[in-house]
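Results of the structural survey
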Amino acid sequence: AGDVPQALEIFNSQEIDLILSDYKMPKGSGVDLYQKASSLKTKLKFVLLTGFADVTETQALAMGICKVFSKPFDRKVLVTYIMSMIGEAAPESDSR
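The present account deals with the structure reproduced in this document. (Residues numbered from 1 in each chain as written. Predicted model: local features only at pLDDT ≥ 70, side-chain atom pairs only at ≥ 80, totals over all residues. Heavy atoms only, no water.)

1. A word on the layout of surface pockets
Any space left empty among the atoms is revealed by the rolling of a water-sized probe across them. There is about 160 Å³ of room inside the largest pocket. Among the secondary structure elements, those contributing two or more residues to the lining of the largest pocket are α1 (4–13) and β1 (18–22). Tallied by class, the residues present in the lining of the largest pocket amount to ten nonpolar, one polar and one charged. (1 Å grid on protein atoms, 1.4 Å probe; cavity = no way out; pocket = protein on both sides within 12 Å on 5 of 7 lines; lining within 4 Å. Points joined across faces, edges and corners; volume = space filled by probe spheres on them. Helix = DSSP H or I, 4+ residues; strand = E, 2+ residues; numbered from the N terminus. Nonpolar A, V, L, I, M, F, W, Y, C, P; charged D, E, K, R; others polar.)

What follows is the structure in structure tokens.
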């Protein structure tokens, strides 16, 4: 999604169990998206990517966000974490 309102529109029109979002988004933030989406679905899994110190991992976890990855981050670690959240094994050969 290109911005928070568009992400919410997609969220409301589809069955979504996990959101991977950047902190900085047009028309809001990843935290705004989390707060609005989680009010609609209580068991939402949400992973936040950030290059900013606007929200600490401690603050995000206290809100209910599952994990915060600070940029730059290791993509393999991110993929492994997300795959574990959805109950699948991460691909071993993709090093991007």
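Following the structure, the description resumes.
2. Digging into the nonpolar core
In this structure, Ile19, Leu33, Phe46, Leu48 and Ile65 are the most contacted members of the largest nonpolar core, which totals 19 residues. Listed by contribution, the elements that provide at least two residues to this core are α1, α2 (30–40) and β4 (45–50). Residues within four places of isoleucine 19 in sequence aside, it is in contact with Phe11, Leu33, Ala37, Leu44, Lys45, Phe46 and Val47. (Core = buried A, V, L, I, M, F, W, Y, C linked by side-chain atoms within 4.5 Å. Buried < 20%, exposed > 50% of the residue type's maximum accessible area, 1.4 Å probe, protein only. Contact = heavy atoms within 4.5 Å.)

3. Thoughts on the pairing of β4
Taken across its six residues, β4 has five buried, putting it largely inside the fold. Across four bridges, β4 lies against strand β5 (residues 67–70) in parallel orientation. In the sheet register, threonine 50 faces β5, and the bridge partner there is serine 70. The handedness of the β4 to β5 crossover, carried by helix α3 (residues 57–63), is right-handed. (Pairing = 2+ DSSP bridges. Right-handed = clockwise from strand over helix to strand, strands pointing away.)

4. A look at the pattern of salt bridges
Applying the stated criterion across every chain yields a total of five salt bridges. Note that glutamate 57 is salt-bridged to lysine 67, the shortest N-O span being 3.6 Å. Within this pair, whereas glutamate 57 is found in helix α3, its partner lysine 67 is found in strand β5, the two being separated by ten residues in sequence. For glutamate 57, a relative accessible area of 33% corresponds to the partly exposed category. (Salt bridge = Lys/Arg side-chain N within 4 Å of Asp/Glu carboxyl O.)

5. A closer look at the side chain of lysine 41
With respect to the secondary-structure elements, lysine 41 resides in the loop between α2 and β4. The exposure class of lysine 41 is buried, given its relative accessible area of 19%. Within polar-contact distance, the side chain of lysine 41 engages the backbone oxygen of isoleucine 16 at 2.8 Å. At a separation of 2.5 Å, a polar atom in the side chain of lysine 41 contacts the side chain of aspartate 17. Here lysine 41 is in contact with Phe11, Glu15, Ile16 and Asp17, once residues within four sequence places are set aside. (Polar contact = N/O pair within 3.5 Å; in protein donor to acceptor, adjacent residues only side chain to side chain.)

Don't take any of this as a statement about function, it's just geometry.
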